[in-house]
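# Descriptive structure summary
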Amino acid sequence: LLFRGIRLVQCPTSFLNAHDAAASSQKQAINHAGYKNIVGLYHVPTMALIDTSFYSTLGETELKAGLGELTKNAALFGGKHYELMKKTTMVKGWKLSGEELVDATYIGLGAKDMLLRHDPKEKHLALLFEYGHTVGHALELTKGVSTSHGEGVTIGMLAASYISNRMGIMSDADRATHDALVIALDPKIHLPPHDITDEVLDKVMHDNKRGYLPERAGFCPFILNQRVGEMHAPNKYYLEYVPVHLVREAILWLVGTMRQASAVGSLRALRLALPDSSFHLSRAPTQEKELAELQEKELADLREKELAELVQEKARAEFHVLCGDKENVISSMARMGFQATPTT
């Protein structure tokens, strides 16, 4: 924004930035007027250099920030993204080894690349990466609240699953499986003693996902989950109209739950409902269908391009027929399928 025209080289020093932004996203944005990422542009870095030795300098908050986005990916895609959390945070919390953090970085980058290659400006399919961010961003920006971005996203996921469950999109059992991912990370947040509902709701109502769907009075667009590995897909933007009164209800429940967690020491200590640990989850059919359609479109575009090139080649041959001598006329017509019989 300030130094337009110079080369941009990203060298992330945090776990979150390494797998979630610096090497994968074109979005370069800043917060403004109390709202999140509302001023910015799209710019591809010349290079991204990730040195994982920086991870050894990071503490609990920084590592949970990075693990929070990976927790979100587990909810989005299931499969190897869910398996990563199942063998790390769901076993030992945030204390991953250096090798596990490197593996997690590759998996995180793979998640971003999987969608951004089809939607580099995050205008439809890649909006899925905004899951959990609507309430998460609002909490981050609310006065007196303190939490890391990734932890805020996972806390926002709890609000999203509350809404999905209340709207009949997510079953009780699927909600328990989803929320277990967040409980395993045990995100921390400092909340001021006064009621923050109105301020958080105001931030939600000015979220950067507005504008994709026509405005509807009394509703707010949300990305919602059906079950771990499968997203609710009411349209190509994956955005659902949620009644504002239900958003307020979810914020009240969420803030109350996080206050209780702070009082007893952790989300785990609240003993929220947990699923059967032997339950196996597969990759998201919603995203598989979407990606298959995109790949089919790319193949169709490629065929159309090849056909256009053939048409151009034929046109050049016809031009050669009109301009060439007798021998070239005969040979050119023969290439195009005509039979030429020289006269005597």
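Residues numbered from 1 in each chain as written. Predicted model: local features only at pLDDT ≥ 70, side-chain atom pairs only at ≥ 80, totals over all residues. Heavy atoms only, no water.

## Things to note about helix H3 (residues 79-87)
Among the residues of H3, those classed as buried are Gly 79, His 81, Tyr 82, Leu 84 and Met 85. The elements touched by buried residues of H3 are helix H2 (60-77), helix H4 (89-92), helix H5 (98-116) and helix H8 (172-185). (Buried < 20%, exposed > 50% of the residue type's maximum accessible area, 1.4 Å probe, protein only. Helix = DSSP H or I, 4+ residues; strand = E, 2+ residues; numbered from the N terminus. Contact = heavy atoms within 4.5 Å.)

## Describing H5
With 19 residues, H5 ought to run about 27 Å at 1.5 Å a step, and its terminal C-alpha atoms sit 27 Å apart, in line with that. Inspection of H5 places Leu 101, Ala 104, Thr 105, Ile 107, Gly 108, Ala 111, Lys 112, Met 114, Leu 115 and Leu 116 among the buried residues, and these make up the whole buried set. (Expected span 1.5 Å × (residues − 1).)

## Considering the layout of surface pockets
A volume near 850 Å³ is recorded for the largest pocket. Ser 25, Lys 27, Gln 28, Ala 29 and Asn 37 are the residues nearest the centre of the largest pocket, which is lined by 33 residues in total. Residue contributions to the lining of the largest pocket peak at seven residues, all from strand E3 (residues 35-42). Grouping the constituent residues of the lining of the largest pocket by class yields 11 nonpolar, 10 polar and 12 charged. (1 Å grid on protein atoms, 1.4 Å probe; cavity = no way out; pocket = protein on both sides within 12 Å on 5 of 7 lines; lining within 4 Å. Points joined across faces, edges and corners; volume = space filled by probe spheres on them. Nonpolar A, V, L, I, M, F, W, Y, C, P; charged D, E, K, R; others polar.)

## Here's the deal with the packing of aromatic side chains
Any aromatic ring pair is given by two values, namely how distant the centres are and how the planes are angled relative to each other. Applying the stated criterion across every chain yields a total of five aromatic pairs. Aromatic side chains Tyr 212 and Tyr 237 sit 5.6 Å apart centroid to centroid with 45° between the ring planes, which places their arrangement in the tilted category. Within this pair, whereas Tyr 212 is found in the loop between helix H9 (197-205) and strand E5 (219-223), its partner Tyr 237 is found in the loop between strand E7 (230-231) and strand E8 (239-243), the two being separated by 25 residues in sequence. Seen from the ring of Phe 219, Arg 216 lies directly overhead, with NZ or CZ sitting 5.6 Å from the centre. Its guanidinium or amino end placed over the ring of Tyr 241, Arg 216 lies 3.7 Å from that ring's centre, counting from NZ or CZ. (Phe/Tyr/Trp six-rings, centres within 6.5 Å; stacked < 30°, edge-to-face > 60°. Lys NZ or Arg CZ within 6 Å of the ring centre and 35° of its normal.)

## As for the packing of helix H7 (residues 149-166) against H8
Any two packed helices are characterised by the angle at which their axes cross and by the distance between the axes. It is the contact of H7 with H8, at a shortest axis distance of 10 Å, that shows an interaxial angle of 170°. By the angle between their directions, the pair H7 and H8 is classed as roughly antiparallel. Contacts between H7 and H8 pair Thr 154, Met 157, Leu 158, Ser 161, Tyr 162 and Asn 165 from the former with Asp 172, Arg 175, His 178, Asp 179, Val 182 and Leu 185 from the latter. Per-class residue counts for the contact of H7 with H8 are five nonpolar, four polar and three charged. (Axes fitted to C-alpha atoms, helices over the stretch in contact; angles between N-to-C directions. Parallel < 35°, antiparallel > 145°, perpendicular 65-115°, else oblique.)

## Topic: the confidence of the model for the protein chain
Do not read the predicted coordinates in detail wherever pLDDT is low. Here the protein chain averages 84 in pLDDT, and 81% of its residues register 70 or above. For the stretch residues 277-284, pLDDT sits under 50, and the model shows 22 contacts to residues farther than four places along the chain or on other chains. Low confidence marks residues 317-344, where pLDDT is under 50. Its contacts with residues over four positions away, or in another chain, come to 15 contacts. (pLDDT = per-residue confidence, 0-100.)

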